[in-house]
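# Fold and geometry: a report
Here is what each chain is made of, one letter per residue.
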Amino acid sequence: MDTTSSITTSTTKVNASENASSSLSSTTTVKQLPPHLGKNRKNKLKKWIMLVLILAVAGAAVWYFFFRGEAAQLPFIRFAAIDKGDVIKSVTATGTLQATKTVQVGSQVSGTIKSLHADFNTRVKKGDLVAELDPTFYEAAVKSAQANYSRAKADLNNAEKIEARSKELLSKQLVSRAEYDVTETALADAKATVQQIQASLDQANVNLSYTKIHAPISGIVTQRSVDVGQTVAASLSAPVLFIIAEDLTEMEVAANVDEADIGQVKQDEDVSFTVDAFPGEKFHGIVKMVRLNPIIQSNVVTYTVVISAQNKEEKLFPGMTATVTITNSAAHDVIRIPAAAIRFTPPSLDNSTGSTAKSGNHDSTSGHGGARRDSSQGHRGTGSKNGTIYRRAVGPVEAGKLPTLEAIKITMGISDGMNTEVLTSDKPLNVGDSIAIGSVMPAKAAGSAPAGATPFGTQPGGRGR
């Protein structure tokens, strides 16, 4: 009895245990999520994180481009030192070197080149034989003309004798006056024939002489255009056989000067120029002529300025390209200031708020303080103009304020576009004094976008913040 009860109790415990395990397993299965739902949840979490990062970057960019400038309201004033030096006002141009005098040697008659007595770089004297044409045809023409001339002379002698006999018979009244007139006319015709054939003989001799081509001037041969055996035809124009430069120790530069600068170029002005063949070496000359003939190419008008230059060492060759600097005026060892200082106007400040108000002609975009070429100064400037510059006052700069600038009125001399000569000033100027040449907003100095720009591009006409 006890054994049966014990077995029943154990069976009941085992069943209870199995039921508990089954219940626990069932509960655990219900709480687990499907795999695809877990992945979606993770993807959503990643998307939210990426969205937060993008918004943070965009917010930082907006602050950097639009609101960062509000923290830096004072512009940077750029300064440069006054110095002493040379101010040279000049006009630059390019031109081509050429010989002072060149002659094209041609042929007045047609024929075949029999021989050449000159080549490239051959130095010749006036009258030297440089080429010969085959003279066979012209020698035959001379012989034919001489035969005709001899026959004409014989006819003339016969006509003279007939006229003399007719004249004697007329004096004895053995022939009529009409018969004498016939003999007299025949004599005149014979004389004219002789003169005509004489001219033909002279022409044949001249043509024969043209088969020998001589140098018209003394100089050096810079071009040879024919070879032995080549046929030249002188029908409408004389073919060019050689080009002879008279003297390469005297050269010319034909420079093309823009119409805007031609008014500053005067005769006998000093000129310096360089050529690529000799870098670093300067050659000198003077303005010989300003040709009034305009050259128009693509609506650009230039004028040719002829510059004479010495070439004693014969370094310069015809055809070289020269970069020419024509000196209009020069001032040596004078007080000079950067040309940008003349254009600078200090920015005005609203002291109540400390923000930069609308400023004058200061440069807020140039990283060099506005040191750009001024068309009213530079090459087109004229001396003796008045202007105002601003010198930095000595002393510390208070926080939140611009440096103190002292206005000085000056009289300007010549300008080369980068530096300007100071003739007089209402306050003493010293070498080394700092003068303002431009202003740059701090945001721009740090490399941010210009006014009107956004992180996505520049809006036309935008002002920025």
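Look up a bit, the structure's there.
Now for a description of the structure that goes with this document. These numbers come from a predicted model, not from an experiment.

Scoring rules and cut-offs
- Residues numbered from 1 in each chain as written.
- Predicted model: local features only at pLDDT ≥ 70, side-chain atom pairs only at ≥ 80, totals over all residues.
- Heavy atoms only, no water.
- Helix = DSSP H or I, 4+ residues; strand = E, 2+ residues; numbered from the N terminus.
- Buried < 20%, exposed > 50% of the residue type's maximum accessible area, 1.4 Å probe, protein only.
- Contact = heavy atoms within 4.5 Å.
- Areas by Shrake-Rupley, 256 points an atom, 1.4 Å probe, with all protein chains shown as cover.
- Pairing = 2+ DSSP bridges.
- Salt bridge = Lys/Arg side-chain N within 4 Å of Asp/Glu carboxyl O.

### A look at the overall build of the protein chain
- On a plain count of helices and strands, the protein chain comes out with 6 helices and 21 strands.
- Relative to its 465 residues, the protein chain shows a buried fraction of 32%.
- Pairs at least 24 residues apart make up 74% of the contacts formed inside the protein chain by residues separated by at least 6 positions.
- Per element, the accessible surface of the protein chain, about 28700 Å² overall, is 54% carbon and sulfur.

### Topic: the pairing of strand E4 (residues 111-116)
- For E4 and strand E9 (residues 231-232), the ladder comprises 2 bridges, and the chain directions are antiparallel. Each bridged residue has a counterpart across the sheet, and for Thr-112 the counterpart in E9 is Thr-231.
- Across 3 bridges, E4 lies against strand E6 (residues 129-133) in antiparallel orientation. Residue pairing across strands places Ser-115 opposite Glu-132, the latter belonging to E6.

### Quick word on the pattern of salt bridges
- Applying the stated criterion across every chain yields a total of 14 salt bridges.
- Close ionic contact of Lys-212 with Glu-132 constitutes a salt bridge, the shortest N to O distance being 2.8 Å. Taken as a pair, Lys-212 in strand E7 (residues 212-214) and Glu-132 in strand E6 lie far apart in primary sequence, 80 residues in all.
- Judged by its relative accessible area of 14%, Glu-132 falls in the buried class.
- It is possible to trace a salt-bridge network through shared partners that takes in Arg-391, Glu-406, Lys-427 and Asp-433.

### Overview of the sheet that holds E9
- Strands sit in the order E7-E6-E4-E9 across an open sheet of 4 strands; the sheet is antiparallel. Looking at the sheet topology across the chains shown, the edges are occupied by E7 and E9.

This is a description of form; function is not addressed.
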